[in-house]
Each structure stands twice: as structure tokens, then as C-alpha cells.
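The chain contents come next:
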Amino acid sequence: MIMCRHKQSKIGVPMVARYGILAGLLASLAAAPAMAQTDVNLGYSGWTGFAPLTLAKEAGIFEKHGLNVTLSKIPQASRHLAMASGDIQCAATTVETWVAWTANGVPATQIFQMDKSYGADGIAVRGDVADFAALKGKTVAASAPGTSPYFLLAWMLKQNGMTMRDVRIVNMEPGPAAQAFVAGQNDAAMTYEPYLSTVRDAPDSGKILATTLDYPAVMDTVGCTPAFLQENPEAGKALADSYFEALEMIAADPDKAYEIMGADVNQTGEQFANSAQYLRWQDKAANATFFEGEFKTFSQAAADLLLEIGVIREKPDVATLYDDQYIK
């Protein structure tokens, strides 16, 4: 209405004048230089534990912290090649994978922990397989050497007095491995969420013999090349802070966060929430505790096993694999 154009505000400024002030403010903001953004390409996968990275991207959290992040889905078996070539500067992957990459000539520095698996990784078997001993001579679908599923299989077998030579490996990525298993192919499959739920939802196809609840050996971190961190001294902390802020958003508005994260892997918010219950995202306090203790002991044990199964030829110095300044 025309009358409203001259209505007085509570502080006595006519509305038309206020519009003028607002227009001037918006114009000045538009004219102001934009915050400098550091470009970073980060390699990851559809693993549920990595989903806060998607949330940080979609919710504008990375941008808020001065980062222009490209998230690239790259199979774990070739993620280090993308890092070595410079196609990506950072990656999300499991702790023992960094050990293998570094030992095989792709140096990187882990800067924060993302998650720990609490049943989100496991081995699916046919109904007649009662224990690990019954797997001897069986065909197991698992990713290539140097990946988390391959390592976890070796870890589980070792804890049961067996080696990788006791089974026949068919190299398949976690998603296809789960789908093939449900379709009746292979005797067993190493996979993780959200794909492990494909097996959980198809009990007639088989069962889950063991998960990381039984063998806690899967924990993920984000790392970057030393060159990237040196050339962009603020970027490491910005990445870590963005991740921690994404966790705060999940806690504050889980329904919205789950919808955003689930959409990236073709899940509803409810489906994503079901997958997420099998892991724990790690906040800043948990990160500090992790790098002070478990990180060091697990990295040493992982290096021993990687050496034993021929993934690496010599153990790297664990002290050079991380830098905790970015979580402080």
C-alpha cells in the first residue's frame, strides 16, 4: 500500500530511507573484493564415513573457511596415483592406506581423523560358512592390494590363524562386491556401508560373518601432499575446521544433514541414518586423543601386516605420517 512507503520505523527513520540505506549497503558489499579462496581437489569415495565432506561442500562450509573444494570420487586403489600426478592435492582414506602410499613413494601428511568404523565394514558369507576356518579355499571378493577391504580381510584372517593364501581373491570394489554377492556370485565379499546394508537387507543371500565391531581395524583420516600444505599454510586448518563444523551441523539438524549426505549416494535421509549408525565421526577432542595414542600403535601394527602380505617392502617412520597442528 502507498501509505506504507512513509511509515516510520521505531527509531524514526522513514521506510523509504531505510530501503535506500539497504541498497547502498548491498552495493558496497557487491563492490567489495571477495574472500580469497584456496583451490583444493580432494579424492574420496561413497563410504558413509566420508559424507561430512559432502555436507561441508553442499552447505557452503568449505567456502566459508576460504576453500574452493572439488570432491572427486576415485577408487581407493588408484587414489594415490591421482595424488602423485597432482590431479588431487588431498584425500580421505584409511590410516593403513597412508602407510602403504608413503612406503610406496607417495608422501602425504594426515591432518585430521574423520571416523572410526563400528560395524560399518565387514565380510559377508554364505549361510553354510560358520567361521573363518570354513573360508579356506573359498572365493572372496575384495578390492585390490593396498586398499582397506583387502587389508581388513588380511587382518581378520591373521587373527584367526590364517593368511591370504588360504582364500581365493577376486578383485572387486565394495559396491560391486556387495551387489555380486547378493546376486549369488562368490562365496564371500568384503564391503562397507552403505553397501554392507545391501547384504543386511537380503538375509536370504547370506550373512555377515564379522565386522569392525569384532575386529576394530578401520579408521579414516584426511591427508594432503606436503607440497600443498607448505604452499597453502592456512588450508590444512581450514579443511579440519570445516569438517568439525559439518559435525556440528549434523548434531544440530540431523534430518537435514542426513538428506544432504544421503543424496550423494542415492539414499534417503532415513537410509543414510541407518548406515551412519555403524560408525562414529570424530570431533576435535577425539582427534587429539587419537593422534596421541591409537594412531601410533595402530600404524605400527598395520605396517607390520602390510609388510607381511607384500603390500610394502619397508616400514615408513610413523612419526612422519601426520601433523596434529591442524586440529588445534
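As annotated in an unreviewed UniProt entry, the chain is NitT/TauT family transport system substrate-binding protein from Aureimonas altamirensis DSM 21988. Checking UniProt for the chain, the heading Sequence similarities (unreviewed entry) contains the comment "Belongs to the bacterial solute-binding protein SsuA/TauA family." Check the Subcellular location (unreviewed entry) section of the UniProt entry for the chain; it says "Periplasm".

So, on to the sheet that holds strand E1 (residues 38-44). Adjacent strands of a sheet pair through backbone hydrogen bonds, lying either parallel or antiparallel. Across the sheet, which stays open at both edges, the 6 strands sit in the order E2-E1-E3-E10-E4-E11 with mixed pairing between neighbours. Only two strands of the sheet have a single partner each, and these edge strands are strand E2 (67-73) and strand E11 (279-281). The mean inter-strand angle of the sheet, taken between neighbouring strand axes irrespective of direction, is 25 degrees. Pairing between strand E4 (residues 109-117) and strand E10 (residues 219-224): 6 bridges, direction antiparallel. Note on E10: the bridge partner recorded for Gln-113 is Thr-221.

For helix H6 (residues 148-159), with 12 residues, the first-to-last C-alpha span of 16 Å sits near the 16 Å given by 1.5 Å per residue. Of all the 12 residues making up H6, 10 are buried; the element is thus mostly covered by neighbouring parts of the structure. All of the buried residues along H6 are Ser-148, Pro-149, Tyr-150, Phe-151, Leu-152, Leu-153, Ala-154, Trp-155, Met-156 and Leu-157. Immediately beyond the C-terminal end of H6, within one or two residues, lies Gly-161, with a positive phi of roughly 70 degrees.

With 7 of 9 residues buried, helix H5 (residues 95-103) lies mostly within the body of the structure. Burial in H5 covers these residues: Val-95, Glu-96, Thr-97, Trp-98, Val-99, Ala-100 and Trp-101. Residue Gly-105 follows H5 closely and has a positive phi angle near 90 degrees.

Reading the values: the criteria
- Residues numbered from 1 in each chain as written.
- Predicted model: local features only at pLDDT ≥ 70, side-chain atom pairs only at ≥ 80, totals over all residues.
- Heavy atoms only, no water.
- UniProt positions renumbered as here; feature names shortened; annotations may be inferred.
- Pairing = 2+ DSSP bridges.
- Helix = DSSP H or I, 4+ residues; strand = E, 2+ residues; numbered from the N terminus.
- Axes fitted to C-alpha atoms, helices over the stretch in contact; angles between N-to-C directions.
- Expected span 1.5 Å × (residues − 1).
- Buried < 20%, exposed > 50% of the residue type's maximum accessible area, 1.4 Å probe, protein only.

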